[in-house]
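Remarks on the overall topology
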Amino acid sequence: MNVQFTENQAQNPISQQKYRKFYAVLEEELLPAMGCTEPIAVAYAAALARDALGAYPEGAEISVSGNILKNVKSVVVPNTGGLRGVAAAVAAGIAAGNAARKLEVLSEITADDVKKIERCLNECRFTVAQSRSGCVFDIGVRLFCGENESFVRIEGRHTNVVAIEKNGKSVRDVGENGRETGEETFSDRSFLTVESIYEFAQAAGVSRLEPLVGRQIDYNTKIAEEGLKNEYGACVGRVLLSSFGSGVHNLARATAAAGSDARMNGCGLPVVIVSGSGNQGMAASLPVAVYAKELGASREKTLRAVALSDLITVHLKTGIGRLSAYCGAVSAGCGAGAGVCYLCGGGAKEISETLSNALAIDSGIICDGAKSSCAAKIASAVDAGLLGMEMSRRGKKFMGGDGILERNVETTIRNVGDIARVGMRETDEEIIRLMIKSCN
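Right, let's walk through the structure included here.

Across its full length, the protein chain holds 16 helices and 8 strands. The C-alpha radius of gyration computed for the protein chain amounts to 21 Å, which stays within 12% of the reference 22 Å derived for 440 residues, consistent with globular compactness. Taken along its principal axes, the extent of the C-alpha atoms in the protein chain is 70 × 45 × 45 Å. Looking at the protein chain as a whole, 58% of its 440 residues are labelled buried.

Below you can see the structure in the form of structure tokens.
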């Protein structure tokens, strides 16, 4: 840690109106959730459908988009004793879900509830089909009891409920802003640039960051510690530490990976998510927190650095979308590299170089669903982010015109978004086809 950037200060403070936009993004993104967010969203829909039905169902018809299938198939549904898959998530929501808790819908499950979930799986008739709506994020749960039925649909993002019906009639108003779908339900993100994010991080009010970013650091550190102490999944975080030591670079990778180890394999502790993903929330925050501790950074500096990492992650993901064939950990790893760059005194120029370097290294990791190997992908993404930062600290960078890189980092970010959202569409379909084939 001998090489330091020259400390930079923002020259053009951003307007109060833009401040409010940044805080709005952080408030929308930094949400607590328990377990992988896709099975949790499925369980949330099921709990809402059960409440609308007003009875214990005899049957359930579930329709989910391919990307939801991909992210629910192999991951453990938390607090269920190790159950996996769409039917298990629906059964958990029916038998023990508290819909009022939204992305923490399964947080109150008891040992007795686990038995109820198992009975639900055995007694209720489940059918699961792939949605053909064309929406990348689509969950529909229809429950039956006698002559009555209920239906809930979530579309676009994890808590955007667009339909709650009983016997074909709407039972209450839905949607966070009425019936809206997809990314349009978010506040405007078009103002995000690397330079403006840096300026915000420099000048943001710490009292506003602490409840959001402070909670993220605290929650995510706790689950990472759980992953490092205990046997979860393939124990990627523990393997990294035992193999490569506890130097700050490896500790940053291992800590983020350990959080994923625990979360993907049934740990009941909550995380704070970014871009709808707990893995991205941990990858964006934990490496920065590890470096902050090593550098002796103040709480204020740490909060600013993690906020910058979160916003860079959101900026990178905005052009990609919530779910795609492009592994979201790459964006969060880039964010982490940018956050560490900020801790070391880097300004907008050095952060931009860090991002371009990291995107040149690791773009193209595929997303083949939520599972144990996500922890290893996180480690790889964080490594790329940190390597990109170390290159910039030493005055080294990949040049615009090399591959997908442009001279301007914002153009490079748009290129990556186009590749992930458009170019990898057929890749996504093939991944989903192969995963469904492996189930048969």
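For the rest of this paragraph, the subject is the sheet that holds strand 6 (residues 161–166). Spatial strand order, 3-2-4-5-6-7: 6 strands in an open sheet with mixed pairing. One side of each edge strand has no neighbouring strand; the edge strands of this open sheet are strand 3 (125–130) and strand 7 (169–170). Across 8 bridges, strand 4 (residues 138–145) lies against strand 5 (residues 148–155) in antiparallel orientation. When the bridges of strand 5 are listed, Leu-143 appears paired with Ser-150. Contacts between helix 2 (residues 37–53) and the sheet are confined to strand 4, strand 5 and strand 6, with strand 4 contributing the most and set at about 35° to the helix.

To continue, consider the pairing of strand 5. In terms of residue burial, strand 5 counts as a mostly covered element, since 6 of its 8 residues are buried. Connecting strand 4 to the antiparallel partner strand 5 that follows it, the hairpin turn spans 2 residues, and Gly-146 within it adopts a positive phi of roughly 60°. Sheet topology note: the strand 5/strand 6 ladder contains 5 bridges and is antiparallel. Looking at strand 6, one finds that Phe-151 is bridged to Glu-165. Counting the residues that bridge the hairpin from strand 5 to strand 6 gives 5 residues, and of these Gly-156 lies at a positive phi of roughly 90°.

Put simply, side chains in a regular strand alternate between the two faces of the sheet. Examined bridge by bridge, strand 2 (residues 59–64) and strand 3 share 6 bridges and lie parallel to one another. Paired with Ala-60 across the bridge in strand 3 is Phe-126. Bridge count for strand 2 against strand 4 is 6 bridges, and the pairing is antiparallel. Directly across from Ile-62, in strand 4, lies its bridge partner Val-141.

Looking now at the packing of aromatic side chains. Note on aromatic pairs: each is described by the distance of the centres and the angle between the planes. With the rule as written, the count across this model stands at 6 aromatic pairs. Judged by centre distance (4.9 Å) and plane angle (85°), the rings of Phe-22 and Phe-191 are edge-to-face. Within this pair, whereas Phe-22 is found in helix 1 (residues 16–29), its partner Phe-191 is found in the loop between strand 7 and helix 6 (194–203), the two being separated by 169 residues in sequence. Using a relative accessible area of 0% as the deciding quantity, one classes Phe-22 as buried. Ring geometry for Tyr-23 and Phe-200: centres 5.2 Å apart, planes at 75°, overall edge-to-face. Linking Tyr-23 in helix 1 with Phe-200 in helix 6, this pair joins segments that are 177 residues apart in sequence.

Another point: helix 12 (residues 328–343). For helix 12, spanning 16 residues, the distance from its first C-alpha to its last is 23 Å, which sits close to the expected 22 Å at 1.5 Å a residue. With 16 of 16 residues buried, helix 12 is to be regarded as a mostly interior element. Backbone geometry just after helix 12 places Gly-345 at a positive phi near 95°.

Right, let's get into the state of the cysteines. Under the criterion given, the structure shown has 0 disulfides. We note that Cys-36 lacks a disulfide partner, and the nearest cysteine sulfur, in Cys-374, lies 7.3 Å from it. On the basis of relative accessibility, which here comes to 3%, the residue Cys-36 falls in the buried class. Cysteine Cys-341 remains unbridged, with the sulfur of Cys-344 as its closest cysteine sulfur at 7.2 Å. Of the residues examined, Cys-341 reaches a relative accessible area of 0% and is grouped as buried.

So, about the pattern of salt bridges. Applying the stated criterion across every chain yields a total of 24 salt bridges. Its salt-bridge partner being Arg-299, residue Asp-218 comes within 3.7 Å of it at the nearest N-O pair. On the criterion of sequence distance, the pair formed by Asp-218 in helix 7 (residues 206–229) and Arg-299 in helix 11 (residues 299–318) is long-range, its members being 81 residues apart. Here Lys-377 makes a salt bridge to Asp-368, at a shortest N to O gap of 2.7 Å.

Two elements in contact, helix 7 and helix 11, have axes whose closest approach is 9 Å; the angle formed by their N-to-C orientations is 75°. Looking at the two axes, helix 7 sits roughly perpendicular to helix 11. Residue-level inspection shows Val-206, Leu-209, Glu-210, Val-213, Gly-214, Gln-216, Ile-217 and Asp-218 of helix 7 in contact with helix 11, the latter providing Arg-299, Glu-300, Thr-302, Leu-303, Arg-304, Val-306, Ala-307 and Asp-310. Across the contact of helix 7 with helix 11, the residue classes tally to 7 nonpolar, 3 polar and 6 charged.

It is worth spelling out the nonpolar core at this point. Residues Leu-106, Ile-139, Phe-200, Leu-209, Leu-308 and Ile-351 are the most contacted members of the largest nonpolar core, which totals 130 residues. Sort the elements by how many residues they give to this core and helix 2 lands first, with 12 residues. Not counting chain neighbours up to four residues away, the residues in contact with Leu-209 comprise Tyr-23, Leu-26, Phe-200, Ala-204, Gly-214, Leu-303, Arg-304 and Ala-307. Val-236, Leu-240, Ala-254 and Ala-379 belong to the second largest nonpolar core, which has 6 residues in total.

It is at 11 Å that the axes of helix 1 and helix 11 come closest, and there the two elements cross at 85°. Of the possible angle classes, the one that applies to helix 1 and helix 11 is roughly perpendicular. In this structure, helix 1 contributes Phe-22, Val-25, Leu-26 and Glu-29 to the contact, and helix 11 contributes Asp-310, Leu-311 and Val-314. Looking at side-chain class alone, the contact of helix 1 with helix 11 contains 5 nonpolar, no polar and 2 charged residues.

Despite not being glycine, Asn-79 has its phi angle at roughly 65°, a positive value. Relative to the assigned elements, Asn-79 resides in the loop between helix 3 (66–72) and helix 4 (86–96). Here the phi dihedral of Asn-167 falls at roughly 55°; this positive angle occurs in a residue that is not glycine. With respect to the helices, strands and loops of the structure, Asn-167 is situated in the loop between strand 6 and strand 7.

Reading guide: rules and limits
- Residues numbered from 1 in each chain as written.
- Predicted model: local features only at pLDDT ≥ 70, side-chain atom pairs only at ≥ 80, totals over all residues.
- Heavy atoms only, no water.
- Helix = DSSP H or I, 4+ residues; strand = E, 2+ residues; numbered from the N terminus.
- Rg over C-alpha atoms; globule rule 2.2 N^0.38 Å.
- Buried < 20%, exposed > 50% of the residue type's maximum accessible area, 1.4 Å probe, protein only.
- Pairing = 2+ DSSP bridges.
- Contact = heavy atoms within 4.5 Å.
- Axes fitted to C-alpha atoms, helices over the stretch in contact; angles between N-to-C directions.
- Phe/Tyr/Trp six-rings, centres within 6.5 Å; stacked < 30°, edge-to-face > 60°.
- Expected span 1.5 Å × (residues − 1).
- Disulfide = S-S within 2.5 Å.
- Salt bridge = Lys/Arg side-chain N within 4 Å of Asp/Glu carboxyl O.
- Parallel < 35°, antiparallel > 145°, perpendicular 65-115°, else oblique.
- Nonpolar A, V, L, I, M, F, W, Y, C, P; charged D, E, K, R; others polar.
- Core = buried A, V, L, I, M, F, W, Y, C linked by side-chain atoms within 4.5 Å.

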